[in-house]
Structures are given as C-alpha cells and as structure tokens.
Amino acid sequence: MSSSSSSSSLSSTRLFASSSSNNNNNQKNKKKKAVIAGATGYIGKAVVQESVRQGYETYALVRDLSKVQSTHGKALYAKAFQGAHVVECNVGNLDEVTQILQRISTSRSSSRSRTQQSSWLEHHDNDDNDNNNNDDDESFNQIDLIVSCLASRSGIKKEAYAIDYQATLHCLEAGRACRSRHFVLLSAFCVRNPWLQFQQAKLKFEAALQQQSDMTWTIVRPTAFFKSVSGQLESVQSGAPYILFGDGQVTRCNPIAELDLARYMVDSAQEPSRCNQIINLGGPDEPLTMRQQGEMIFRALGGQQEPYFVHAPLWMFDVIIDSLQWLADTFQSEALENAAETGRIGKYYAVEDMLTTDPKEKYGTITLQEHYNRIAVEGQEYDAVMRRGSIVRTIFGQVGRWTHKLYAPWQQATAKTNTAPQQLRRTTTTTTTTGAAPAAAYNTTRI
C-alpha cells in the first residue's frame, strides 16, 4: 500500500494545517467527512454531536438501524444524531465495513436530509456519477476522520476480542483501504496496568494501529467517564447508604465529561501535537477519592438527607473471584469463567487509581460536582453500553439496596425515638471539593 501511504501522508499534512479556531474549523471542514464507529454508545453519541458541530459531514455507524428509528430509539438518539447520516453497518464483517466506507469516501458532501440511512443511500448512485468528474479532487474521495468508540459491553474474553480488537481492526483496515486520513481510538487509561481480558484486547489493537503507516492516528485513554461514577445517586436518593470499598480512600480519580472528551477526540484530527500519540486524559477535578465522590452526591441532593456511608471490605472480591474461578476450572465452565472475570473487573476499579496529575493530561471545564448537581435534578440515562462502569455500578447499587433493606426497619424504629443512626452515619462531612459549582453552571452548549 505504498502509494496509499504516500497519499495519506500528504493529505494528513494538509489536515493538520487547519486552524484550531472553531469558526475557521466550521469553514474549512465543510467538505470533510468523519465516520464514527460505536455511535450509539455513551461517548459515541457525544462524538457524533461534536463532529457535526465542527462542520464535518458526519456518518454514524450503527448495528441496527431499526432500533435507532423506533420510538424508543428516537428518544435516545434523535438529538445526538441530528445533522448526521445514520448508516447501518456490521463492524464484525470486514467486507461490509470496507464497502460502506468506500461508498462514504466517494459520495459528495451534501446539505440534504441526514437523519436516515435511506436519504444517503438513495442518492449514492448519482453521487458516484458526479464523482467520476471529480476524481482529482481529494476532498470528495477521502474520509478525513475515523473515530472508534467501540467497546465490549461485558469485558469478558470472547466479547472483548471480538469488539475491542477485531471489530475495531476492521474499521482500521477499511479506512486504510479507502485511504482515510486520521484514526482516533477511544481506549482506556486502565490498559497501563493490564490484568483483564478487555485491556489486553485493547492493547492488541493499539499495537496494530501503531504498526501501520497508511493513516495517522491518536489514541486517547480517558481515566473514567462521569457516568461510570454516578451509579449510586439513585440508590442514595431512595434512602440507601453510599457504599465505600475499604476505607473509601483506597483509590482516586479525575473522570472526564463526555462533552469534553468528545471535543478533545474530534479536535485531535487537526492538532499536530496529538498526531501519532498515546494520550492519557482526565477531567479538570483534583484527585477525588470514592468518599469524596459520595460527599459530592449528598451535596448535590441539596441536604435531602444527612450523609452516611457503609464500608464493604475488599477481601470479599477475592473470596468471590477465587470461588468462581475454582468452579470454572473444576467444571470447565465458560459461564463461570466469565463470572470470575466480571468479579476481577469489579475489583480492578475498586483498587486501582484512574488519575492523571500532569496538567497536560487534564482537559475540560465541566466538574464532577456540576454533573452530580445536574443529574440530581434531571436524572440520568442508563444504557447497557456503559460496560465495565455498569458492572461496578451494579455491584454498588445492589449492595446499597441490600444494606438499605437490612437497616431500614431499624432506622424507622430509631426515628420514632428521635435517635439518628450514628452507626451508619459514620461521618458528616464539611469537606469542600475543588471546582464544585451549582447545577446552573453545567453548560451543555459547547460553543
């Protein structure tokens, strides 16, 4: 692919030469095309919005178009996909991905309706005819940006290698075949210490991306998403305690907002310093322990209840994991092996820091307190695409519900005698958090 590589290098140079000014971006990106894989995910949706906002002709790849067009699908995706082409594509099939990307790369930029796949496909043949007269115009014959937000839902071995590695590799290979310019990968901060299957699958793809030379690339490894540290809010609202692992000070993190992360990823296609770089990325907060996150949730609830915490011992993970692994080995059970891996995922996030401290690795303006303030009023959308974060959230939530059921009768009894359950309410906090702000400061309009 030597000729392809040469063309890609030239094209990328022009792309990186674009101005970083948003207004200039909108002018220069009018004919540029971006393809977003994993578009229905939590981050994928935000990347689609940001790509459209920056002026790209944006193509959102989805597994099942009918689900997106259903009543429920429209409620979930209509806002996120406004202004984008929604294209059904099985990323598990290399031939199909390649065919779709080839059709995108040879289609002319258009101002026609982009909310359905059919509006693009029905005019594609005419676009092909038009493009026969524009073969010397690379702006009509090249995809400028491919962003992969693909990630397995469960993190178990079979699914991780099918999605985090193989399907993502299909997007890369199809992009190379179409002489696409730049590839941005949504990876994960946790791959720096990889003892889980999905982390190893991600690293395997990262290696493949770095080894090729036909496309320039950026690998973004976010610490954590806001949504992955928000799972206990509803249970706390219902009266359950906030569950801490260990003493609540074991781990620290600085998660990043989906809007900030999406902007960073799309901007990477035009930022020379991010070309062919692996970038760890966290949000603007100072290091936050799990206890501090709990305190922020209670503040976001506006004093509806006094903060109280329950501590879950870390050794419980080892007991559960070792028991499941022994059963898996004894009975040669894939289901039990997957259950043990799920336990390992839960333990990983309970004991490992997801934290960047270098100012160059911190980005964005939205703080976690602002996020909590907002969802305490508006609620939050739950979906299965949160994968590893949802596993930890499920563990927290279930333990919280069980604990609440255990202590609720006792709380009611003590309430009658005006005795507060101090055993549960271990500490009432007055700690302030850097960057905390009222809900009104949460800006969802990224101008």
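Preceding block: the structure.
Residues numbered from 1 in each chain as written. Predicted model: local features only at pLDDT ≥ 70, side-chain atom pairs only at ≥ 80, totals over all residues. Heavy atoms only, no water.

K.L.:
Can you break down the nonpolar core residue by residue, with the values?
P.N.:
Nonpolar side chains in soluble globular proteins tend to be buried together. The biggest cluster of nonpolar side chains holds 55 residues, and the ones touching the most others in it are I43, V47, F81, L261, M265 and Y372. The element contributing the most residues to this core is helix α12 (residues 258-267), with six residues. Not counting the four nearest positions on each side in its chain, V47 is found in contact with I36, V147, C149, A262, M265 and V266. Formed by 41 residues, the second largest nonpolar core is a distinct cluster that contains L101, I143, A167 and C253. (Core = buried A, V, L, I, M, F, W, Y, C linked by side-chain atoms within 4.5 Å. Buried < 20%, exposed > 50% of the residue type's maximum accessible area, 1.4 Å probe, protein only. Helix = DSSP H or I, 4+ residues; strand = E, 2+ residues; numbered from the N terminus. Contact = heavy atoms within 4.5 Å.)

K.L.:
Give me the packing of aromatic side chains: which residues, what numbers.
P.N.:
The final tally for this structure, using the stated rule, is nine aromatic pairs. Summarising the aromatic geometry, the rings of Y42 and F225 are spaced 5.9 Å apart at their centres and angled 55° between planes, so their arrangement reads as tilted. Of this pair, Y42 sits in helix α3 (residues 42-53) while F225 is found in the loop between β6 (216-222) and α11 (233-237), placing the two residues 183 residues apart along the sequence. Accessibility classification places Y42 together with F225 in one group, the buried group. One aromatic cluster is present, built from ring pairs that chain together W195, Y348 and Y349. The ring centre of Y165 lies 4.4 Å from the NZ or CZ of K204, which sits over that ring. The aromatic ring of F309 is capped on one face by R291, whose charged end is 4.4 Å from the ring centroid. (Phe/Tyr/Trp six-rings, centres within 6.5 Å; stacked < 30°, edge-to-face > 60°. Lys NZ or Arg CZ within 6 Å of the ring centre and 35° of its normal.)

K.L.:
Any details on the pairing of strand β5 (residues 182-186)? Residues and values, ideally.
P.N.:
Counted residue by residue, β5 has five buried out of five residues, so it is predominantly covered. Going residue by residue along β5, you find H182, V184 and L186 tucked away on one face and F183 and L185 tucked away on the opposite face as well. Bridge count between strand β4 (residues 145-148) and β5: four bridges; the pairing is parallel. Looking at the pairing, S148 lines up with L185 of β5. With helix α9 (residues 157-177) bridging β4 and its parallel neighbour β5, the resulting β-α-β unit is right-handed. Sheet topology note: the β5/β6 ladder contains five bridges and is parallel. (Pairing = 2+ DSSP bridges. Right-handed = clockwise from strand over helix to strand, strands pointing away.)

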